[in-house]
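# Summary of the model geometry
For reference, the chains in residue letters:
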Amino acid sequence: MSTVRKVLGALRWYARELTGEAEYDRYCDRHRRRHPRAPVPTRREYEVLRTLHREQHPQSRCC
């Protein structure tokens, strides 16, 4: 049974990385460490901030 749990855990990790859900969790952890007294932005606020940052700092891609 532990093998099944390990496989399911790995699949969950992969899906979260693929969809970007883990990125928000890492952002929240980093925000709490750097700004312990500031409120953590909601997921929606984070997405708005991320979109604004991407628009202000475009990156060229080869593909």
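Right above here is the structure, for reference.
Attention here is on the structure that accompanies the text. (Residues numbered from 1 in each chain as written. Predicted model: local features only at pLDDT ≥ 70, side-chain atom pairs only at ≥ 80, totals over all residues. Heavy atoms only, no water.)

Right, let's get into the side chain of His31. As for its position among the elements, His31 is in helix α2 (residues 21-34). We classify His31 as buried; its relative accessible area is 12%. Apart from residues no more than four positions distant in its own chain, His31 is found in contact with Pro36, Ala38, Pro39, Val40 and Pro41. (Helix = DSSP H or I, 4+ residues; strand = E, 2+ residues; numbered from the N terminus. Buried < 20%, exposed > 50% of the residue type's maximum accessible area, 1.4 Å probe, protein only. Contact = heavy atoms within 4.5 Å.)

On to α2, then. Between its terminal C-alpha atoms α2 stretches 21 Å, which fits the 20 Å expected from 14 residues at 1.5 Å a residue. Every buried residue belonging to α2 is among Ala22, Tyr24, Tyr27, Cys28 and His31, and all of these are buried. As for α2, its buried residues are in contact with α1 (2-19) and α3 (43-56). (Expected span 1.5 Å × (residues − 1).)

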